[in-house]
Every structure is written in C-alpha cells, then in structure tokens.
Amino acid sequence: ASGAAEVSHPAKQGLVQAFSVYVDTLLVCTATAVMILATNSFNVADPANQGGFILQQLQGVQASNFTQVAVNSLIPNAGGAFVAVALFFFTFTTVLAYAFYTDSSICYLFKNNAQGPGFNGAVYFFRLVVVASSFIGAISSVDVVWNFGSAAVGAMAWFNIVVILMLAKPGIATLRDYEEQKRMGLDPVFVPSRCGIK
C-alpha cells in the first residue's frame, strides 16, 4: 500500500510504514492483552493434557471471547457490542486493504496492457474472490477463520521476508540517499539513478 503513496522520496513513506507496525502491534494488540490480563479474563491451556488447563479462571469460555469477558467485567453487557464494533472496523479495513493490494498487484502485472481483456478479467475475478472470501469467513466457525488467517498471514510474512532480502541493496541505497539529502538540509527528492536503480 505504501508503494501507491505519492511522496517526493520513497524513504519517507518507508519510515512511516515502519512506524505504523509499532502503532498497530503495540497500541491495539497490547491494549487488548492488558484488558484481558488486568481483569483475569483468561485461561491457560495445558499442552500436556488435551482439553485441560494449567490455570482456568473462566468456565466454558473460548479463547476468542476473552476480550468480551474482560469488557463485561468492567461494563456489564457491553463486551459483545464492543467486540462486534471493533471486529467490524478491523475486518472492514483489512478487506479493503487486501482488495487494494490485489488491484495494485494486478496493475503491476498488466502494466504493459492495462486496458486489455486480461487486465479487466483479472481485476473482476480477484474482486469476486475477495467478496467470496468475506462471505465464507462470515459463515465459518471462529476456529477455522483464525487458523486460516494465521496461516495466510504467516505465508505473507515469509513472502515479504524473501522480497525484503531481494530488495535490501536498493532499499539501503534509497535510505542512504534520503539521509544524505536530509543532512544537507533539503526536502529529499528521489532520483533513481543516484541510487543505482533504473
């Protein structure tokens, strides 16, 4: 998504994206964990005893409901609504982001023939895949959705690691060019040839 941002130098957007990971992880995920831990709204499964617990503070509550129980312990009957609204915004923005990534990737693959039938067919096909995935996710069990989501995010992480390694040299050259221009007191402007990029 950062690649579509209009900035004078790609390192600007790269630094913003590097920071945004911490905002998401540290702010949202840590806040959720603190809510659950501070209200003792969790169980600890025993890996040696299938279905058993090392610590069981909640009877008959699945791990996916810990946040809901945590909110309910402070504001009675508000947990369900809180989790529903939070999940709506999380899933809505995630689906939009993945749809955007898909469209951007298709545009890149068809950059030499963006008006041809292959481009239009691929765009419509993958938009249907996004809609179908949303529908299937909405009617599937929570465990199936989380397990599939975890596997997909893990696969995406591996692909990104490989690509980051492949792009390390031009990426570092771009960052050095940005830092050099900042040291000179300039508003950095990207000229690919200065970084050895076509």
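Residues numbered from 1 in each chain as written. Predicted model: local features only at pLDDT ≥ 70, side-chain atom pairs only at ≥ 80, totals over all residues. Heavy atoms only, no water.

Scanning the protein from terminus to terminus reveals six helices and two strands. Helices and strands appear in the protein in the N-to-C order α-β-β-α-α-α-α-α. Here the protein has a C-alpha radius of gyration of 22 Å; the compact-globule value for 198 residues is 16 Å, and the former is much larger. Taking the principal axes of the C-alpha coordinates as reference, the protein spans close to 65 × 50 × 35 Å. Within the protein, buried positions represent 14% of all 198 residues. Looking at the protein alone, contacts between residues at least 24 apart form 41% of all its contacts between residues at least 6 apart. Element-wise, carbon and sulfur atoms account for 69% of the exposed surface of the protein, whose accessible area totals about 14,600 Å². (Helix = DSSP H or I, 4+ residues; strand = E, 2+ residues; numbered from the N terminus. Rg over C-alpha atoms; globule rule 2.2 N^0.38 Å. Buried < 20%, exposed > 50% of the residue type's maximum accessible area, 1.4 Å probe, protein only. Contact = heavy atoms within 4.5 Å. Areas by Shrake-Rupley, 256 points an atom, 1.4 Å probe, with all protein chains shown as cover.)

If you walk through the whole model with that rule in mind, you get three salt bridges. Where D103 meets R127, a salt bridge forms, and the shortest distance between an N and an O atom there is 2.7 Å. With D103 in helix α3 (residues 79-109) and R127 in helix α4 (residues 117-139), this pair connects stretches of sequence that are 24 residues apart. By relative accessible area, R127 is classed as partly exposed at 41%. Across the pair D177 and R194 runs a salt bridge whose closest N-O atoms are separated by 3.2 Å. Pair noted here: D177 is in helix α6 (residues 168-183) and R194 is in the segment after α6, with a separation of 17 residues, a long-range link. (Salt bridge = Lys/Arg side-chain N within 4 Å of Asp/Glu carboxyl O.)

Summed over the entire model, instances satisfying the criterion amount to five aromatic pairs. By way of ring pairs, the aromatic residues F88, F89 and F92 are connected into one cluster. (Phe/Tyr/Trp six-rings, centres within 6.5 Å; stacked < 30°, edge-to-face > 60°.)

Here the focus is the environment of T39. For T39, the position within the fold is in the loop between α1 (10-38) and β1 (43-45). Between the alpha carbons of T39 and T67 there is a distance of 9.6 Å; along the sequence they are 28 residues apart. Of note is the side chain of T39, whose polar atom sits 3.4 Å from the backbone oxygen of I36. There is a polar contact of 2.8 Å between the side chain of T39 and the side chain of S41. (Polar contact = N/O pair within 3.5 Å; in protein donor to acceptor, adjacent residues only side chain to side chain.)

A word on the side chain of N43. Positionally, N43 belongs in strand β1. With relative accessibility at 11%, the residue N43 sits in the buried group. A polar contact of 2.8 Å, which involves the side chain of N43, links it to the backbone nitrogen of Q57. Discounting residues that sit within four places of it in the chain, N43 has contacts with F53, L55, Q56, Q57, L58, V61 and F66.

The next thing to look at is unusual backbone geometry. One non-glycine residue with positive phi stands out, namely N40, at about 55 degrees. Position of N40 among the secondary structure elements: in the loop between α1 and β1.

Attention now goes to the packing of α1 against α6. Running from N to C, α1 and α6 cross one another at 105 degrees; their axes reach a closest spacing of 9 Å. One way to sum up the angle between α1 and α6 is to call them roughly perpendicular. Contact residues: P10, A11, K12 and L15 in α1; T174, L175 and Y178 in α6. A class-by-class count of the residues in the contact of α1 with α6 yields five nonpolar, one polar and one charged. (Axes fitted to C-alpha atoms, helices over the stretch in contact; angles between N-to-C directions. Parallel < 35°, antiparallel > 145°, perpendicular 65-115°, else oblique. Nonpolar A, V, L, I, M, F, W, Y, C, P; charged D, E, K, R; others polar.)

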